[in-house]
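Structural overview
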Amino acid sequence: MNWKRTLGLDNLSEEYAFARDESTGYTSAKKIPDHWVPTTCGYCSVGCGIEIGVKDGRAVASRPFAAHPVNRGKLCPKGLSEHYIIQAENRAKYPLLRQNGKLVRVSWDEALSVMVERFRATQNAYGAESLGVLSTGQLVTEEFYTLGKLVQLGFGTSNYDGNTTLCMASAVSGYKLSFGSDGPPGAYEDMERADVVLLIGANLADNHPILCQYLESNRHKTLIVADPRVSKTAMMADIHLPLQPRSDLALLNGIAHVLIRYNLIDREYVNKHTAGFAQLEHFLEAYTPDRVAEITGLSEEIIFKTALLYGRAKAGFIGWTMGVNHSTLGTATVNAICNLALLTGHIGRAGASPFSITGQCNAMGTREAGFASSLPGYRKFDSSQDRAELASIWGVEETRIPTKRGLAYPDIIEAAVAKKIRALWIIATNPLVSYPNQDVLRHALSNLDFLVVQDGYHPTPTTELADLMLPAAIWGEKEGTYTNSERRVSKVNQAVEPQCEARSDFDIFLLLAEKLGCRDELYPGWTTVEDAFNEWRRVSQGRLCDYSGITYALLAEHGAIQWPLTEGAKPAGTSRLYSDGQFQTPDGRAKLVCADWTPFPEQPTAPYPLVLNTGRTVEHWHTRTKTREVPILERLSPRAWLEMNPRDAKLLGLRSHDAVDIVSRRGRVRAVELRLTEITAPGQVFMPFHFAETNVNEVTQDAFDPISREPNYKQCAVRVERSGANA
Ligand code: SF4
């Protein structure tokens, strides 16, 4: 309570004082910083340059970093208000250990000693692989690299994965199968230089808003958006393809069928640089336009038109995000996208690329430096040459490098249900909101002997369940690099000190290594994140993701740089991969993959007649841990809603703003505001996934892509009923 205000002694003059700022003009005096610190946005993978305004040691403002090559002086609403997340009420401040059922404050030394003791005891009793680790796309690359070594060589478990598997694992698997390696081939500028841009399952306007300026600046393109909803991005399109849920793979195969049938393919490119054309041609015979029209709900004419536009384009760009990845057919759909690019030679040239747009700010860093789906530097677990090379750089026995990946995220959860994983370390992620079919997850976590959650925020639904909670520094409080969707490495800088006793994840990993007795072996002489970066540069040298020419000094001088950049090369970076038609396969040829469409796993039935789609809104970030603390974002979007077509609502006797329950075979989400709109087609409903209070993942299904292990978040069968009707 402001007692001075109560007594009439405070007229809030400090609160409302204005002053003149050289960049913004008259503004609140509280928000005029002493200095600005350039860094990179910590939300999404667009990777905008941002400056944090600091006053008296506190972050008070955010503004675009004008010189940054990605965002060209703009930020989206999340970036513009990002400084609020640092001093948020719910920041984790002290290590907390569960004692007699309650989390109580302990010293760092005690916290880390207990963690190492409990993990070691579990591993001694049940085997090294009984320890699982789930990380995130939120750490800096240097931290991923450090963590991967700690988990694999320090704790000796391969059961390590991250929430990136919930997001873009299908893009990774698809690239590996088609091109022989992960690594997005294109660049943002391709959206400006293409004459045809096809976006599939990609609502950029809500999820990657700053990329829309690349589309808008290209006045000569034809923009085609394939999405079951009339999303904000679909509203920008020249042609919207409102296809049936999860029929995108059939559409892509149908387009490829037309391209081959009407000889709109680049035969020279196909002959020189691909393998598998004869099999693909035969396989695609089944994807006739009439069959594809039946599956997708689109007309044959529009399928032809899309194929002709893409096939005749000088430079065709295909972008996708979670609408493709979040599926049991995610990997196959990515392969079908890559097929189109390869058949037409729309790859490795300006404007011509298949291009995955990633989710989190540094999901790319985990893909490159982590130990989850690949060894560091996109090395393959099953390549003895890759393992030997890595072991030799590190000076360790080759036998310590795993020959296959450990359990993927959903398999770690299943292993906890089966009591094979007995201890779990969760880092900067909040599965109690984000994981599909929450019932299974709760069962898994309740089976654990010891759960450690390391996070910048507490309480969250996940930290509340922890046996040990480690408070971590967040964006603005630590240093490192992020890599964005177009392979651009951008510096992350510290603007303020971490809150209370929070420590950077990097420091926590080194302290743990010390407790384990492996710090000198794994991290010889390391004291700063730059030490990790310099070792990572050596590890990546000669690989597709070669960072060897990138240094902190160069990043400070030239801003963000796209990999690969070999040592000594000019700091221009590399806009595109595969410009020479050479792929990362044994014969250098890309693979044309036969990827068959099947209906999505949970079809609607009489008791569950609607198909539920999930997604995001521009104001919020993932599980809203950060953005609910940002007043303007929270006011703009304070609660979840369910979108339904008015025709379905009429049949159900529902009206706009009614409170409804969404019910599936797995659970029920209660009292969600109903919004009636033609954005969503009859038979479908849509709900954002950010809200813990009304968590859509109570009803989503735990069905996963067989290769990438990414969840099929996007389609499950539900019914909608007025709240209280049948509860
Ligand atoms: S588009 Fe993404 S990276 Fe850019 S400001 Fe918004 S959240 Fe940050």
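Keep in mind the model is a prediction, meaning the values are calculated, not measured.

A closer look at the overall build of the protein chain
On a plain count of helices and strands, the protein chain comes out with 28 helices and 28 strands. By the compact-globule yardstick of 27 Å for 727 residues, the protein chain fits well, its C-alpha radius of gyration being 25 Å. Projected onto its principal axes, the C-alpha positions of the protein chain cover 75 × 65 × 60 Å. Within the protein chain, buried positions represent 57% of all 727 residues.

So, the site of the ligand
The ligand sits among 14 residues. The nearest are Cys41, Cys44, Cys48, Cys76 and Gly79. Per-class residue counts for the shell around the ligand are 9 nonpolar, 4 polar and 1 charged. If you count residues domain by domain, the shell around the ligand takes at least three from each of domain 1 (17-85) and domain 3 (171-357).

A short note on the pairing of strand E5 (residues 58-64)
Summarising burial for E5: 5 of the 7 residues are buried, a large majority. Where strand E4 (residues 49-55) meets E5, 6 bridges bridge the pair, whose relative direction is antiparallel. By the bridge assignment, Gly53 is partnered in E5 with Ala61.

Observations regarding the sheet that holds strand E23 (residues 610-615)
Paired through backbone hydrogen bonds, the strands of a sheet run either parallel or antiparallel to each other. Within the closed barrel, the 6 strands sit side by side as E23-E27-E24-E26-E25-E28. Their pairing is mixed. The sheet shows a mean angle of 45° between the axes of neighbouring strands, taken without regard to direction. Alignment of strand E25 (residues 659-663) against strand E26 (residues 668-676), held across 4 bridges, turns out to be antiparallel. By the bridge assignment for E26, Val660 is matched with Val672.

Quick word on the domain arrangement of the protein chain
The accessible area lost on association of the parts is a frequent measure of interface size. Considered domain by domain, the protein chain is made up of domain 1 (17-85), domain 2 (96-167 + 361-527), domain 3 (171-357) and domain 4 (610-722). Summarising the inter-unit geometry, the C-alpha centres of domain 1 and domain 3 are found 36 Å apart. Taken together, the 9 residues of domain 1 in the interface contact 7 residues of domain 3. When the residues that make up the side of domain 1 that touches domain 3 are grouped by side-chain class, the tally is 5 nonpolar, 2 polar and 2 charged.

Let's talk about the sheet that holds strand E20 (residues 488-492)
Strand order in the open sheet made by the 3 strands is E19-E20-E21, with antiparallel pairing throughout. Of all strands in the sheet, those bounded by a partner on one side alone are strand E19 (480-483) and strand E21 (561-562). Judged from the 2 bridges that link them, E20 and E21 form a sheet pairing that is antiparallel. Bridge pairing in E21 links Arg488 to Gln562.

Considerations on helix H22 (residues 438-446)
Turning to H22, its buried residues are Gln438, Leu441, Ala444 and Leu445. On an axial view of H22, the arc spanned by its buried residues comes to 120°, and they lie on one face. Along its buried surface, H22 packs onto helix H20 (409-417), helix H21 (431-434) and strand E17 (450-455).

Looking at the nonpolar core
If you look at the biggest cluster of nonpolar residues, it comprises 185 residues, and the most contacted ones within it are Val197, Ile200, Ile255, Ile318, Ile337, Leu340 and Val452. With 9 residues, helix H17 (residues 330-344) is the largest single contributor of residues to this core. Setting aside anything within four residues of it in sequence, one finds Leu340 in contact with Leu252, Ile255, Ala256, Tyr310 and Ile318. One finds Leu642, Val672, Val696 and Ala717 within the second-largest nonpolar core, a separate group that totals 26 residues.

Some details on unusual backbone geometry
Backbone geometry follows two general trends: most residues other than glycine have a negative phi, and most peptide bonds adopt the trans configuration. The omega torsion across His458 and Pro459 is 5°, close enough to zero to call that bond cis. Turning to its location among the elements, Pro459 is positioned in the loop between E17 and strand E18 (468-471). Each neighbour pair has its own omega, and for Trp563 with Pro564 the value is 0°, a cis peptide bond. Secondary-structure assignment places Pro564 in the loop between E21 and strand E22 (590-591). Residue Asn100 is not a glycine yet carries a positive backbone phi of 50°. Following the sequence through the fold, Asn100 ends up in the loop between strand E6 (96-99) and strand E7 (102-105). Phi is positive for Lys419, close to 60°, though the residue is something other than glycine. Looking at where Lys419 falls in the secondary structure, it is placed in the loop between H20 and strand E16 (423-427). Lys419 gets classed as partly exposed once you count the C-beta atoms within 10 Å, which come to 13.

Details of the packing of H20 against H22
One can describe the packing of H20 onto H22 by two numbers: an axis separation of 7 Å at closest approach and a directional angle of 60°. Between H20 and H22, the interaxial angle falls into the category oblique. The two elements H20 and H22 cross, and the hand of that crossing is left-handed. Contact with H20, carried on its side by Ile413, Ala416 and Val417, involves Val440, Leu441, His443, Ala444 and Leu445 of H22 and no other residues of that element. Here the residues of the contact of H20 with H22 are counted per class, giving 7 nonpolar, 1 polar and no charged.

Notes on the environment of Ala428
Among the structural elements, Ala428 can be located in the loop between E16 and H21. Residue Ala428 is classed as buried on the basis of its C-beta count, with 23 C-beta atoms lying within 10 Å. Sequence-wise, Ala428 and Val453 are 25 residues apart; in three dimensions their C-alpha atoms are separated by 7.7 Å. Apart from the residues within four sequence positions on either side, Ala428 is in contact with Ser135, Thr136, Gln138, Leu139, Gln454, Asp455, Gly456 and Ala472.

Here's the deal with the packing of helix H14 (residues 289-296) against helix H15 (residues 300-312)
A pair of packed helices is characterised by two quantities: the angle between their axes and the separation of those axes. Remark: H14 packs on H15, axes separated minimally by 9 Å, with the N-to-C direction vectors making an angle of 110°. The orientation of H14 with respect to H15, classified from their angle, is roughly perpendicular. Packed against H14, whose contacting residues are Pro289, Asp290, Val292 and Ala293, the element H15 presents Glu300, Ile303 and Phe304 at the interface. Considering only residue class, the contact of H14 with H15 consists of 5 nonpolar, no polar and 2 charged.

Topic: the pairing of strand E27 (residues 684-688)
Each regular strand carries side chains that alternate between the two faces of the sheet. Across the 5 residues that make up E27, a large majority, 5, are buried. Bridge count for E23 against E27 is 5 bridges, and the pairing is parallel. Looking at E27, one finds that Gly615 is bridged to Pro688. As defined by bridge partners, strand E24 (residues 641-644) adjoins E27 across 2 bridges and the pair is classed as antiparallel. Bridge pairing in E27 links Glu643 to Phe686.

Topic: H15
Here H15 contains 13 residues, and its C-alpha end-to-end distance of 18 Å stays within 8% of the 18 Å for a straight helix at 1.5 Å per residue. Restricting attention to buried positions, one finds in H15 the residues Ile303, Thr306, Ala307, Tyr310 and Gly311. Considered in projection along H15, the buried side chains sweep an arc of 120° and stay on one side of the axis.

Some words on the environment of Asp658
Here Asp658 lies in the loop between helix H28 (646-652) and E25. Sequence separation between Asp658 and Leu676 is 18 residues, and the spatial gap between their C-alpha atoms is 9.9 Å. Excluding its chain neighbours within four sequence positions, the residues that come into contact with Asp658 are Leu674 and Arg722.

Thresholds applied
Residues numbered from 1 in each chain as written. Predicted model: local features only at pLDDT ≥ 70, side-chain atom pairs only at ≥ 80, totals over all residues. Helix = DSSP H or I, 4+ residues; strand = E, 2+ residues; numbered from the N terminus. Rg over C-alpha atoms; globule rule 2.2 N^0.38 Å. Buried ≥ 20, exposed ≤ 12 C-beta atoms within 10 Å, placed from the backbone. Near = placed C-beta within 6 Å. Nonpolar A, V, L, I, M, F, W, Y, C, P; charged D, E, K, R; others polar. Domains from an automatic or database assignment. Pairing = 2+ DSSP bridges. Axes fitted to C-alpha atoms, helices over the stretch in contact; angles between N-to-C directions. Contact = placed C-beta atoms within 7 Å. Arc of directions from axis to C-beta. Core = buried A, V, L, I, M, F, W, Y, C linked by C-beta atoms within 7 Å. Parallel < 35°, antiparallel > 145°, perpendicular 65-115°, else oblique. Left-handed = near helix turned anticlockwise from the far one by under 90°. Expected span 1.5 Å × (residues − 1).

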